[in-house]
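Structural overview for review
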Amino acid sequence: MAKAADFQGTSPSPARRWLRRTGALLTGVPLLAGLLQLPAASPADAAAPDASQAPTGAGSVSVSVDSLSPGAPTEGDTVTVSGTVTNKGKQTVTDAHVGLRPGPLLNTRSGIDSIARNSDDIQSTVGPEIDDKYSEKFSKLTPGVSQPFTLQVPVDELNLGQDGVYQLAVSLTGETSAQPWEQTLGVQRTFLPWQPEGAGTKTKTTFMWPLISTVHMTAETGSDEQQTPVFHDDDLAKEISPGGRLDRMVALGKDLDVTWVIDPDLLASVEAMTGRYEIPGKGDDNLVGGHQEVAKRWLTEVQEAVADKEVVALPFGDPDLASLAHNGTSVTGSLSHLKEATDVASSTVESILHVTPTTDFAWPVNGAVDPSVVRVATSAGADKVIARSDTFRESGLTYTTTAPRPIGGGTTAVVADARLSTAFQGDMTMASTSTLAVQRFLAQSLTLGLQTDRQRSVVVAPQRTPSASQAQTMAEAFGILQDGTWSESQNLTAAAKAKPDPAAATKVPPASSYPSALRKQELPKSTFEQIARTQDKLDRFKVILSAPSRVVTPFGRALNRGMSVSWRGRESEAAIYRSGVESYLDGLISQVRLIDKSETKLSGRSATIPVTVQNNLVQGVDHLVLRLTSTNPTRLEIDGDAYEEQPVAVSGGHSQSVKFTTNANANGRATVVAQLYTQDGRPYGQPVTFDVKVTEITATVMLVIGGGVLLLVLAGFRMYTQRKRAAARQAEERDEEDAADEADSGTDADDAKNPETSGRRPTEESAPDTREDAPKQPSDPAPDTAPESADPSGTGERVDR
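Rules behind the numbers
Residues numbered from 1 in each chain as written. Predicted model: local features only at pLDDT ≥ 70, side-chain atom pairs only at ≥ 80, totals over all residues. Heavy atoms only, no water. Pairing = 2+ DSSP bridges. Helix = DSSP H or I, 4+ residues; strand = E, 2+ residues; numbered from the N terminus. Phe/Tyr/Trp six-rings, centres within 6.5 Å; stacked < 30°, edge-to-face > 60°. Buried < 20%, exposed > 50% of the residue type's maximum accessible area, 1.4 Å probe, protein only. Lys NZ or Arg CZ within 6 Å of the ring centre and 35° of its normal. Axes fitted to C-alpha atoms, helices over the stretch in contact; angles between N-to-C directions. Parallel < 35°, antiparallel > 145°, perpendicular 65-115°, else oblique. Contact = heavy atoms within 4.5 Å. Nonpolar A, V, L, I, M, F, W, Y, C, P; charged D, E, K, R; others polar. Left-handed = near helix turned anticlockwise from the far one by under 90°. Salt bridge = Lys/Arg side-chain N within 4 Å of Asp/Glu carboxyl O. Expected span 1.5 Å × (residues − 1). Arc of directions from axis to C-beta. Core = buried A, V, L, I, M, F, W, Y, C linked by side-chain atoms within 4.5 Å.

Backbone-to-backbone hydrogen bonds pair the strands of a sheet. The strands run either parallel or antiparallel. One open sheet holds the four strands; their spatial order is β15-β16-β18-β17, and the pairing between them is mixed. Two strands lie at the open edges of the sheet, namely β15 (361-362) and β17 (404-406), each paired on one side alone. With five bridges joining them, strand β16 (residues 384-388) and strand β18 (residues 412-416) adopt parallel strand pairing. Residue pairing across strands places arginine 388 opposite alanine 416, the latter belonging to β18.

Okay, here's the thing in structure tokens:
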């Protein structure tokens, strides 16, 4: 009974395919023998050098393969190849056609690399062209003109044999007026992975999907309660807008089974854009950013994309671990910044994405490590370092080892495959380049899986910031792979926990093997020195603030950003950013200062000298001490000593005057220095120096002044006694008048009885004599003197006693 694969309409079995290919080979033997007996070579053969010695080079016609579908065909599929042909020569090509030429099976990963390097070399060997009915003809190809083509071939016609990767060449043959015979004028090679049935042992593949950007936020914030953030550009809005790089990363990654690797700084920056934020404008004025809705939409899409996926949080700002290891460890405090960046990573991601990330992984640039990089990478708590296989070079192994390997000290190196990780670098905007990258990635993955029956975990760690076109290519390749027959997906944590291969190298390469090209791009030592200097200023500043978090948080995150991997190759921009952070901090520190004083004159042996502290910050300052020091204490003492200290607390936007008691011991000029200190005794701000001119008062002048005061006292006492006597005499006169009035009252009663005196009025004479020429007594009161009041005198009122 015939097998099912032999019936019409079904795919041929492997045995039948082998018989068919063997028959074709036997049929070609007589033809080959006849060719060897030809008396002379054709003109083309005469013109061409020996194939073994022929130089490599592209033909006069460029062939590009813009799409190949399906990328990994199975039984019964039809392979569709589309692209363009372009005549780059000076002569018109006639009687041309494009056809497919399946090549031999590629058994090694290095063989795939070799084909990829010479993909358009017309001198390299290509297989025979399949049936003409699957070709496309062109009667004429004009120089400089491109023509599209599409070829559709049933996979059965490609005569694919055993499982593996086959070379697939698309060639153009034709004639020119100078060479009027059929010849290959252009070729493009690609790869066709072939494994129609599921593998017995599938490769477990982890694909890292990075969400990382460059630095966008500054240390500057507004004085409002929300602390409006300030960005140094608005480029992040372009990345997260529809069609932007980060927008494409999220849209493509949400449908893939990947591990998301995220820089928390990116999330924090986008979240800051959801509210009021500012960007630099013309001059010193800032403009209000207007991409709040874009930021909200992007964060919502990220939340949905990572909801059921593994998220790895890098340290905040994605610090450059290799630069820190090679140039920063000698600078005090540099490692503490890495620890701070790691500590805030988890909380930042969790608060924004509402998922709990893992912070166990460190990712040096390009996975390049040496002992110092490993020490720094694990110093902040990570116990897994993502390396790359071109760092851990294997010797004597014929297969690719599994990713995890112990490297001592409880640390695991998760070694990503270098060929798969670098497959998507370069310009992927051209469809032909992208298609070749996809097919090469699939070919490398399948060949890796066929090397051995061992179960292996493979990690793909692509470039940190893929472009939109690179992300598109990555997504296409991994989408085909995760739906393929030889691989299955797993997350990064599972890959790190896989059983290590005992034959894999576990010794970390020495420092001498670290790539020199990467060393040239590292952040210099001056980077970490400036960061340390800025941190020292911040430490001194924060202790005087009533709300230190308003300053510590934005500046702490800015210092983390100053160590970012994204500054590699951008040294001048990095220096400008770090200097901007330090200058802004210097400006805030200078808002709390002493007001300058001019020369002060001091009359007398003792007096007070005021010194004013000004606070132009929004928040209050405290925990400051103001010290006033006399440089010549023998002439001028401050509170009986050479100096005096007083605590200072000033509300935001206010000034505070502090008074110091001074004692002069001699005439002349004394220099005084006012300086603010923090409570730990460290100087704060610039000192204020001024002169005090001392003028001592002599004893003779004091006697004269004392005599004058005594005379004034005696005169006042005399006036007081005179006034008292006058008041007594006036009282006696009033008593006499009252007695006379009583006597007159009796006379009036008699007059009432005597008709002659009845009705008489008192005359002017009976009234007190008030004429000006009337004689006056020495005790009479002065003219126009108001009656004295017995009430207490008012404040500042002069009173006679």
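With that settled, consider the packing of aromatic side chains. Applying the stated criterion to the full structure yields eight aromatic pairs. Ring geometry for phenylalanine 207 and tryptophan 209: centres 6.0 Å apart, planes at 45 degrees, overall tilted. Per residue, the accessibility class of phenylalanine 207 equals that of tryptophan 209, and both read buried. Ring plane angle 20 degrees and centroid distance 5.7 Å describe the contact between phenylalanine 555 and tyrosine 584, whose orientation is recorded as stacked. Linking phenylalanine 555 in helix α17 (residues 549-561) with tyrosine 584 in helix α18 (residues 571-589), this pair joins segments that are 29 residues apart in sequence. Site record: aromatic cluster; members linked through ring pairs are Phe207, Trp209, Phe424, Phe441 and Phe478. The side chain of arginine 464 reaches across the aromatic face of tryptophan 363, ending 4.3 Å from its centre. Across the ring face of tyrosine 677, the terminal group of arginine 627 is positioned such that the distance to the ring centre comes to 4.5 Å.

With that settled, the discussion passes to the packing of helix α5 (residues 245-253) against helix α13 (residues 468-482). Direction vectors running N to C along α5 and α13 enclose 10 degrees, while the axes themselves pass 9 Å from each other. When the interaxial angle is binned, α5 and α13 end up roughly parallel. Contacts from Arg245, Arg248, Met249 and Leu252 in α5 reach Ala468, Ala471, Gln472 and Ala475 in α13. Grouping the amino acids of the contact of α5 with α13 by side-chain chemistry returns five nonpolar, one polar and two charged.

Here strand β22 (residues 600-603) shows a buried face lined by Thr600 and Leu602 and an unburied face lined by Lys601 and Ser603. Two elements, β22 and strand β29 (residues 683-695), share four bridges in a ladder whose sense is parallel. For lysine 601, the partnering residue across the bridge sits in β29 and is lysine 693.

Let us look at the packing of helix α6 (residues 264-273) against helix α7 (residues 292-305). Direction vectors running N to C along α6 and α7 enclose 135 degrees, while the axes themselves pass 7 Å from each other. By the angle between their axes, α6 is oblique relative to α7. For the pair α6 and α7, the crossing hand works out as left-handed. Along the contact surface, α6 presents Leu266, Leu267, Val270, Glu271 and Met273, while α7 presents Gln292, Ala295, Trp298 and Leu299.

All right, on to the environment of aspartate 308 then. By secondary structure assignment, the location of aspartate 308 is in the loop between α7 and β14 (311-313). Along the primary structure aspartate 308 and valine 355 are separated by 47 residues, whereas in three dimensions their C-alpha atoms are 8.9 Å apart.

With the rule as written, the count across this model stands at 30 salt bridges. Between aspartate 235 and lysine 238 there is a salt bridge, with its nearest N and O atoms 3.8 Å apart. With aspartate 235 and lysine 238 both in helix α4 (residues 235-240) and three residues apart, this pair spans about one turn of that helix. For glutamate 573, the salt bridge is made with arginine 570, and the minimal N-O distance between the two is 2.9 Å. Through salt bridges with shared partners, a single ionic network connects Arg533, Lys537, Glu582 and Asp586.

Between the first and last C-alpha of α7 there are 20 Å, a value that for 14 residues agrees with the 20 Å anticipated at 1.5 Å per step. When we look at burial in α7, the residues that qualify are Gln292, Val294, Ala295, Trp298, Leu299, Val302 and Ala305. Each buried residue of α7 sits inside an arc of 160 degrees when the element is viewed along its axis, so together they form one side. Structural note: α7 exposes Glu293 and Glu304 on the side pointing more than 90 degrees away from its buried face. Packing partners of the buried residues in α7 comprise β8 (203-211), α4, α5, β11 (259-262), α6 and α9 (334-353).

A separate point is the nonpolar core. Residues Phe541 and Leu626 are the most contacted members of the largest nonpolar core, which totals 74 residues. Excluding anything up to four places from it in sequence, leucine 626 contacts Leu594, Val611, Val613, Glu644, Glu645, Gln646, Val648, Val658, Phe660, Ala674, Gln675 and Leu676. Grouped together as the second largest cluster of nonpolar side chains are 62 residues, Leu106, Leu267, Met273 and Leu442 included.

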